[in-house]
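# Coordinate analysis (summary)
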Protein chains: 2
Amino acid sequence: MNKNRRSFLKTGILAGATLPLVHCSPATSQQNNDDIYEKLDAALARPVLKKELFSKPVIIESCDLLEYQGNYMIRVRSTDGAEGFCVGHNIRMPHLFPIQLLLVNPFFIGKDATQLDQLMQDVTMYQNNYKYQGYAIWIPIATVEMAILDMLGRIAGKSMGELIGDIHHTKIAVYQANDNRGKSAEESVANIQKLQQETGAKAVKFKIGGRRDIPESPVGRSEALIPMMRNTFGDDMVIYADCNGSYQGKEAIRMGKILEANRIDLYEQPVPTDYYEDWIATSAALNIPIASGGGEVSIRNFRWLLGNDAVQMVQQDLYYFGGMVRSMKVARMAETLGYPCTPHISGTGLGYVYMMHFVSSLPNAGPFHEFKGVSNEVPFQCDSSTLTPEDGILHLPKGIGSGVEIDPDFIARHRIMNM
Amino acid sequence: MNKNRRSFLKTGILAGATLPLVHCSPATSQQNNDDIYEKLDAALARPVLKKELFSKPVIIESCDLLEYQGNYMIRVRSTDGAEGFCVGHNIRMPHLFPIQLLLVNPFFIGKDATQLDQLMQDVTMYQNNYKYQGYAIWIPIATVEMAILDMLGRIAGKSMGELIGDIHHTKIAVYQANDNRGKSAEESVANIQKLQQETGAKAVKFKIGGRRDIPESPVGRSEALIPMMRNTFGDDMVIYADCNGSYQGKEAIRMGKILEANRIDLYEQPVPTDYYEDWIATSAALNIPIASGGGEVSIRNFRWLLGNDAVQMVQQDLYYFGGMVRSMKVARMAETLGYPCTPHISGTGLGYVYMMHFVSSLPNAGPFHEFKGVSNEVPFQCDSSTLTPEDGILHLPKGIGSGVEIDPDFIARHRIMNM
């Protein structure tokens, strides 16, 4: 089975989508590069929220951060009494609630939610928020944005995905994520196999390297693990390798060649996020598709990575990247070049539900999407989906907004945070 | 008077320093580029803290964030009873205190302060802090780092500057910073002239553009203001223009040519921080020196900007960039190429005092340094300097650590913050 980058592209899109089979060569001339950027800029310029679904403005009356026993939620309410919720990033919100309360929520009061694309631009200039570019500002912005989309969906009678695109997928195949760093190659494979059998996933991801400059443990784990993964799961399993930026320069290329020799299907985050020249050099030297993971926080840098063919899959994270509007812009840039999008999940609360809605609207959704397990932090009802993989497939919740109803008694126990 | 980039370099270093008169051309071959990176990496590898000043470890026993009426301070104490303080970034600490308390301070407890270079590396991996790269993590880290340097200075009987370099400068010439956006060209010039006359500064900076994508106000202000600045202040005044990333692409080049035509001495932050290709294109098209302001948060990206001759002055901010050790590494990279360092001041509290110590230790200090006014937030005593420009010159405080003694009664009024 020849799994080169082109065959990845051919087979590498969720069923139902059609994408041209192209592989962008690295720009060989300024003219070529300018042409690519022109396409990417056109993709960036396209509106995301379907404003035409709304016949009148939806004015945001309140935007509150709620907290109860470590669960955070944003609740937005319109002047007409509509309401939307987004469960927060509960691991990171304890670090970020002052930014949420002081720099993000106040901006949205009195704004027209149907102008969401523009609000996503303007909030970066409010209080010079752009200076905080990074997870610290994007997570709070994303949390409000997805609450607004939940509210707008309930007003328009549409799912979050329908607000930002057409529905291309209702069945979402997952890959089984895991972290077995620190364990031997043998134990890692056994753990991954057990998880994969539980979910029936047709794709798995495994971690190599030590994470950034942490030495690998045990020594030599990655080089033993890579062939063991392919031998254990066989040629029909799609296997992704995630490095969390463990390599630099020639070492990133050397490890990539080992992955290629074992027909691994994806090389995720080979080098640290801001090692831009290393991204290009690694991509130029290899045939295996390379993905930028959840570390990238800049639309401009995704444009650069794509414009220079340094990545062949985009994996922006809905929270870390500032919500669905911004994430859709990156997915569309990738689509322009014939490349798939597989969003990263930083995943607490209902993160995987929001991921499913986002993926449902992607014409260029990747073939398999991240699954880190079902959340039990937030009690909710969802009649249209178990939200649990069945034979490796998650079923998109139907209904409006997020498609799930958070238990009203649970909501009522939250306090409104203030500073 | 021909003020081209080369003459800037010749005259552009604080008195007493000698630097080769070179102008790096943009790398024309991979080999050339590799050679430059080899030099930059050698500069990065040099130790910063002079460990040899300490005969035994200095173990950090406590690292506390103190607060009183909006004034924040980090206090570090050693197991031997030594103490150091750093006044916080009081505009931003209300957003960042949870990151300070949860993700930064705990790392330092029990660590040996004399291993500061290594600690600055390791704190980025603690709790995966590197994921927050940006002001949000660097400001808290910087605040602890400068408190540690204050403490180490008191132990070794050295100033903060003496801990990280040799003292090259005790007289620091300032330029008068200001922000007159929104005012007419005429009113802007009058305001800047008044400020300049108060401090006797021999250099001034003025702001052009609207800041990022904010439209300029009044319309046409910059194009009127640029020649007016030169005509008003004459050819002997050094004049810097700061854009706060207002331009992109060809517009950045067009504005640069207007600056050149009026013999303006520096073009600061012409394009947004993460518009890396625009930095290169702007630099390649112009002769005026270009400086990266306080927006850049990545050592790797400064290496790239310098390695590709996209900047000819570095302006990292002690708080925004994570403290003196990291800032010194960037200054040394610039020094390697014959370029000056003029730190940005994000300036509250004692920021300008820390800036003076940092500048004192730079062989490649720029000719004029930012001055935004004396702080009155923190009552302190400094017998060795007025800390006020006299005929445009600030005098470096003598003494140990920061060289200033914060009023003990004021310190005593602070509470220790906890979460």
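For clarity, every value in this text was computed on a predicted model and none was experimentally measured.

## A look at the overall build of chain A
Secondary structure assignment for chain A yields 14 helices and 14 strands. Counting only C-alpha atoms and orienting by the principal axes, one finds that chain A spans roughly 60 × 50 × 40 Å. With 419 residues in all, chain A has 62% of them scored as buried. Pairs at least 24 residues apart make up 74% of the contacts formed inside chain A by residues separated by at least 6 positions. Accessible surface, chain A as shown: approximately 14900 Å² in total, 50% of it carbon and sulfur.

## Regarding the interface of chain A and chain B
With 37 residues of chain A in contact, the opposing surface of chain B contributes 38 residues. Interface area, chain A with chain B, both sides summed: about 3200 Å², of which 51% is carbon and sulfur. Per-residue buried area on chain A facing chain B is highest for His95(A), Tyr132(A) and Arg300(A); these three make up 20% of the total on that side. Close ionic contact of Arg300(B) with Asp278(A) constitutes a salt bridge, the shortest N to O distance being 2.9 Å. One can count 15 residue pairs in polar contact (both at pLDDT 80 or more) joining chain A with chain B. Contributing elements (two or more residues each) for the side of chain A that touches chain B: α2 (30-45), α3 (93-108), α4 (116-125), α5 (135-156), α10 (276-285) and α11 (299-307) of chain A.

## Some remarks on the relation of the copies chain A and chain B
Superposing chain A onto chain B requires a rotation of 180° together with a translation of 0.0 Å along the rotation axis, leaving an RMSD of 0.0 Å. Both copies of the chain, as the preceding transformation shows, are related through a two-fold rotation axis. Counting the interface residues of chain A, we find that 100% of their copies in chain B are interface residues as well, pointing to one common contact surface.

## Observations concerning the domain arrangement of chain A
Residue and element names in this part refer to chain A. Here the domain parsing of chain A yields domain 1 (30-45 + 163-399) and domain 2 (51-158 + 407-416). Summarising the inter-unit geometry, the C-alpha centres of domain 1 and domain 2 are found 26 Å apart. On the side of domain 2, 31 residues touch domain 1, which itself brings 25 residues to the contact. Between domain 1 and domain 2, roughly 2200 Å² of surface is buried when both sides are summed, and carbon and sulfur atoms account for 69% of that area. Along the contact surface separating domain 1 from domain 2 lie 0 salt bridges. Applying the counting criterion to the domain 1 and domain 2 interface returns 11 residue pairs in polar contact (both at pLDDT 80 or more). Elements represented by at least two residues in the side of domain 1 that touches domain 2 include exactly α6 (160-164) and α12 (324-336). Looking at the side of domain 1 that touches domain 2 element by element, the count peaks at 3 residues for α12. The residue inventory of the side of domain 1 that touches domain 2, partitioned by class, reads 14 nonpolar, 9 polar and 2 charged.

## So, unusual backbone geometry
Residue and element names in this part refer to chain A. The linkage connecting Ser217 with the following residue, Pro218, adopts the cis geometry, with an omega of -10°. Along the chain, the position of Pro218 falls in the loop between β5 (203-207) and α8 (221-233). One non-glycine residue, Asn244, adopts positive backbone phi at about 50°. By secondary structure assignment, the location of Asn244 is in the loop between β6 (238-242) and α9 (249-261). Located in the positive-phi region is Leu387, a residue other than glycine, with phi close to 60°. You can see Leu387 is positioned in the loop between β11 (380-381) and β12 (393-395). Given the relative accessible area of 1%, Leu387 is considered buried.

## Quick look at the pattern of salt bridges
Residues and elements named next belong to chain A. Under the definition given, this model contains 42 salt bridges over all chains. Taking the shortest distance from any N to any O, the salt bridge between Lys56 and Asp80 comes out at 3.5 Å. One end of the pair, Lys56, is in the loop between α2 and β1 (60-68); the other, Asp80, is in the loop between β2 (71-78) and β3 (83-87), and 24 residues separate them in sequence. Overall, Lys56 belongs to the exposed group, its relative accessible area being 53%.

## Side note on helix α8 (residues 221-233) of chain B
Turn by turn, an α-helix covers 3.6 residues, leaving residues three or four places apart pointing in a common direction. Residues and elements named next belong to chain B. The end-to-end C-alpha distance of α8, which contains 13 residues, comes to 18 Å, matching closely the 18 Å that a straight helix rising 1.5 Å per residue would cover. For α8, the full list of buried residues reads Arg221, Ser222, Leu225, Ile226, Met229, Arg230 and Phe233. Buried residues of α8, seen end-on, are gathered within an arc of 140° and therefore sit on one face of the element. Contacts from the buried residues of α8 go to α7 (185-199), β5 (203-207), β6 (238-242) and α9 (249-261). Looking one or two places after α8, you find Gly234, whose phi comes out positive at around 80°.

## A few points about the sheet that holds β3(A)
Residue and element names in this part refer to chain A. The strand order across the open sheet formed by 4 strands is β3-β2-β1-β14, and the pairing between neighbours is antiparallel. The sheet is open, and its two borders are formed by β3 and β14 (415-416), each paired with just one other strand. One ladder, built from 2 bridges, connects β1 with β14; its direction is antiparallel. Opposite Glu67, over in β14, you have Arg415 as the bridge partner. Across the sheet, α3 is in contact with β1 and β2; its angle to β1 comes to roughly 170°.

Conventions and cut-offs
Residues numbered from 1 in each chain as written. Chains lettered and ligands numbered in written order. Predicted model: local features only at pLDDT ≥ 70, side-chain atom pairs only at ≥ 80, totals over all residues. Heavy atoms only, no water. Helix = DSSP H or I, 4+ residues; strand = E, 2+ residues; numbered from the N terminus. Buried < 20%, exposed > 50% of the residue type's maximum accessible area, 1.4 Å probe, protein only. Contact = heavy atoms within 4.5 Å. Areas by Shrake-Rupley, 256 points an atom, 1.4 Å probe, with all protein chains shown as cover. Buried area = accessible area lost by both parts, 1.4 Å probe. Salt bridge = Lys/Arg side-chain N within 4 Å of Asp/Glu carboxyl O. Polar contact = N/O pair within 3.5 Å; in protein donor to acceptor, adjacent residues only side chain to side chain. Least-squares fit on C-alpha atoms with pLDDT ≥ 70 in both. Domains from an automatic or database assignment. Nonpolar A, V, L, I, M, F, W, Y, C, P; charged D, E, K, R; others polar. Expected span 1.5 Å × (residues − 1). Arc of directions from axis to C-beta. Pairing = 2+ DSSP bridges. Axes fitted to C-alpha atoms, helices over the stretch in contact; angles between N-to-C directions.

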